[in-house]
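The primary structure of each chain is shown beneath.
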Amino acid sequence: MNRLIRLVTIAAIVLLTPWSARADVAADTLKVSTDLEKDAGKAQNEEKKLDPKEVIFEHLGDAYGWEVPFNHHKRIPLPVIVVDHEGSTHVFMSHHLEHGASYEHNGKTFHIAGKDSPYKGKVVEVGADGKEIKVKADISVTKDVAAILITVLIVSGLMLWHAGWYRRKTLLAPRKGLGLVELITCFIYDGVVRNTLGEKAHKFAPYLLTVFWFILIANLMGLMVVFPGGANLTGNIACTLVLSIITFLVTNIFATKHYWKEILWPDVPLWLKFPLPIMPAIEIFGMFTKPAALTVRLFANMMGGHMIVLVLTLLIFIFAAVSPAAGGGATVISLLFSVFMLLIDVLVSFIQAYVFTMLSTIFISLAQEKGHEDEHHLEHDHDHSSPGSAIMADSTAPGVVTTVDKEAAATN
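Report follows, based on the coordinates. This is a predicted model, so every value here is computed, not measured. (Residues numbered from 1 in each chain as written. Predicted model: local features only at pLDDT ≥ 70, side-chain atom pairs only at ≥ 80, totals over all residues. Heavy atoms only, no water.)

## Points about the overall build of the chain
If you tally the helices and strands in the chain, you get twelve helices and nine strands. Counting over 412 residues, the chain shows a buried share of 32%. Counted over contacts in the chain with a minimum sequence separation of 6, partners at least 24 positions apart contribute 59%. Carbon and sulfur atoms make up 68% of the accessible area of the chain, which totals about 26400 Å². (Helix = DSSP H or I, 4+ residues; strand = E, 2+ residues; numbered from the N terminus. Buried < 20%, exposed > 50% of the residue type's maximum accessible area, 1.4 Å probe, protein only. Contact = heavy atoms within 4.5 Å. Areas by Shrake-Rupley, 256 points an atom, 1.4 Å probe, with all protein chains shown as cover.)

See below:
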């Protein structure tokens, strides 16, 4: 009997051991899969976690595509034009590189460098070993480049529309939208350009009025959400730097001899300019601080305005992650302040265009000053060129009888 019990026990152990092993394996597998699901859920939550810094700079920075409103997973494709390390030119559309994808063109592979790359956000070539290779040249039509072209077309259209009106209706003043364009143009020309430059206003007015309208339209376009707006053009320091360099070139290329004399050999005591050129060095340094001030002023003001609106909008999502009640309250407050700031930004857009134009006009006028000797020569030449002017000037003096007086006496 004992033997039978032992045999049954051994047989049961032999038969149940594989099943128990399988059960352990199944339990371990279930545990592993559960852990993987938890890890995946954590990773997904981390991916969905809002990064305000990344969102802000993604919206304010340049890109190879134009975001579609309310759907940032899709972009309007723009041309990508790059020259690889061997000197070959590649042209393709930016939608091939969306969402970290790589694209092969004429035997070369390209993608947009990631966050950890030294070429972050730029199109790079991918070598056979998988390493990123910097392209020789990147002349792609990015979002900011496209915004520049659109702004130029709008400004050109406004000015051609205005000129066409006076060709067709010479004596009739424009109204409505075109009347507003003329009102703003006359305000800038009469109040800033002509009052500052005087008789030389007509020489520099085309540039000054063009730069005013370019900045104003670019600022207003940057406040729009839908295409063709949304590009932070004047919030890009490269754009404001180019505008300032143009002002710098116009100021110094058309400057007078007196201006350069005051820069290189100013009218100060000799010991301030020789043997150590203290004052000339300060004057030359001042030449470059003027465009630097123009660059930073426009860039910082427009960048700050866009950043405030984005931060107010992100507060909705930050407080919503804390609690629904806090998210609801933050939504109302953020929307009200965002609308208020957008209205302020409309005013700031005009003010910044006005200030840039006004300072450019002042810098140009300072370079157009003439010395006392030049003014004396001009007055002397003017006196000799109009000999009758002295007679006309003295005609009102007592005791002088003019031809008009004689004719009046004869008539009487």
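Having seen the structure, we can now continue with the description.
## Brief notes about the packing of aromatic side chains
All told, the structure shown has nine aromatic pairs when counted by the stated rule. Between the aromatic rings of F92 and Y103, the centroid separation amounts to 5.1 Å while the plane-to-plane angle is 50 degrees, which identifies the pairing as tilted. Here F92, found in strand β4 (residues 89-93), pairs with Y103, found in strand β5 (residues 103-105); they are eleven residues apart in sequence, far enough to count as distant. Geometrically, the ring pair formed by F212 and W213 is edge-to-face, given 5.7 Å between the ring centres and 80 degrees between the ring planes. (Phe/Tyr/Trp six-rings, centres within 6.5 Å; stacked < 30°, edge-to-face > 60°.)

## Some points on the pattern of salt bridges
One side chain can pair with another of opposite charge once the charged atoms of both are near each other. Using the criterion set out here, one finds four salt bridges in the structure. With a closest N to O distance of 3.1 Å, K108 and E86 form a salt bridge. Here E86 lies in the loop between β3 (79-83) and β4 and K108 lies in strand β6 (residues 108-112), a separation of 22 residues in the sequence. Classification of K108 as buried rests on a relative accessible area of 16%. Through salt bridges with shared partners, one network takes in E86, K108 and E125. (Salt bridge = Lys/Arg side-chain N within 4 Å of Asp/Glu carboxyl O.)

## Focus: the pairing of β3
Extensive coverage of β3 is indicated by the burial of four of its five residues. Both β3 and β4 contribute to a ladder of five bridges, which runs antiparallel. Counterpart to V83 in the pairing with β4 is T89. Between β3 and β4, which follow one another and run antiparallel, lie five residues, and G87 among them has a positive phi close to 100 degrees. Relative to strand β9 (residues 137-138), β3 runs antiparallel, the two sharing two bridges. (Pairing = 2+ DSSP bridges.)

## Regarding the sheet that holds β9
If you trace the three strands from one edge of the open sheet to the other, you get β4-β3-β9, paired in antiparallel fashion. The sheet is open, and its two edges are formed by β4 and β9, each paired on a single side.

## A few points about the nonpolar core
Of all hydrophobic cores here, the largest spans 43 residues; its most connected members are W213 and I215. At the level of secondary structure, the elements contributing two or more residues to this core comprise α3 (143-168), α4 (176-197), α5 (201-223), α6 (237-253), α8 (278-322) and α9 (324-366). Here the element with the most residues in this core is α5; it accounts for 15 residues. With sequence-adjacent residues up to four places away left out, W213 is seen in contact with V155, L158, M159, V181, I184 and T185. (Core = buried A, V, L, I, M, F, W, Y, C linked by side-chain atoms within 4.5 Å.)

## Focus on the sheet that holds strand β8 (residues 132-133)
With antiparallel pairing, four strands are arranged side by side in an open sheet as β5-β6-β7-β8. Lying at the two open borders of the sheet, with one neighbouring strand each, are β5 and β8. As defined by bridge partners, β5 adjoins β6 across three bridges and the pair is classed as antiparallel. Its bridge partner lying in β6, H105 is registered against K108.

## Some words on empty space enclosed by the protein
Evaluated as defined, the whole model comprises two cavities of 30 Å³ or more. In this model, the largest cavity occupies a volume close to 70 Å³. Lining of the largest cavity is provided by S244, T247, F248, T251, N252, Y259, M287, K290, P291, L294 and F363. Among the secondary structure elements, those contributing two or more residues to the lining of the largest cavity are α6 and α8. (1 Å grid on protein atoms, 1.4 Å probe; cavity = no way out; pocket = protein on both sides within 12 Å on 5 of 7 lines; lining within 4 Å. Points joined across faces, edges and corners; volume = space filled by probe spheres on them.)

## Re α5
Between its first and last C-alpha atoms α5 spans 32 Å; for 23 residues at 1.5 Å apiece the expected length is 33 Å, and the two agree. Of all 23 residues making up α5, 18 are buried, and the element is well covered by its neighbours. (Expected span 1.5 Å × (residues − 1).)

## Re the side chain of H306
Structurally, the position occupied by H306 is in helix α8. We classify H306 as buried; its relative accessible area is 13%. At 3.4 Å, the side chain of H306 forms a polar contact with the side chain of N232. (Polar contact = N/O pair within 3.5 Å; in protein donor to acceptor, adjacent residues only side chain to side chain.)

## With respect to a nonpolar patch on the surface
Nonpolar side chains collect at one region of the surface, where W260, L264, W265, L270, F274, I284 and F288 lie side by side and expose about 710 Å² of accessible area between them. Secondary-structure elements contributing two or more residues to the nonpolar patch are α7 (257-264) and α8. Along the chain, the position of W260 falls in helix α7. (Patch = residues over 30% accessible without salt bridge, like charges linked within 9 Å, V, L, I, M, F, W, Y side chains within 5 Å.)

## Details of the side chain of T256
Tracing the chain through its elements places T256 in the loop between α6 and α7. For T256, a relative accessible area of 14% puts it in the buried group. Residues within four places of T256 in sequence aside, it is in contact with K200, A367, Q368 and E369.

The quantities given are spatial measurements derived from coordinates; they are silent on function.
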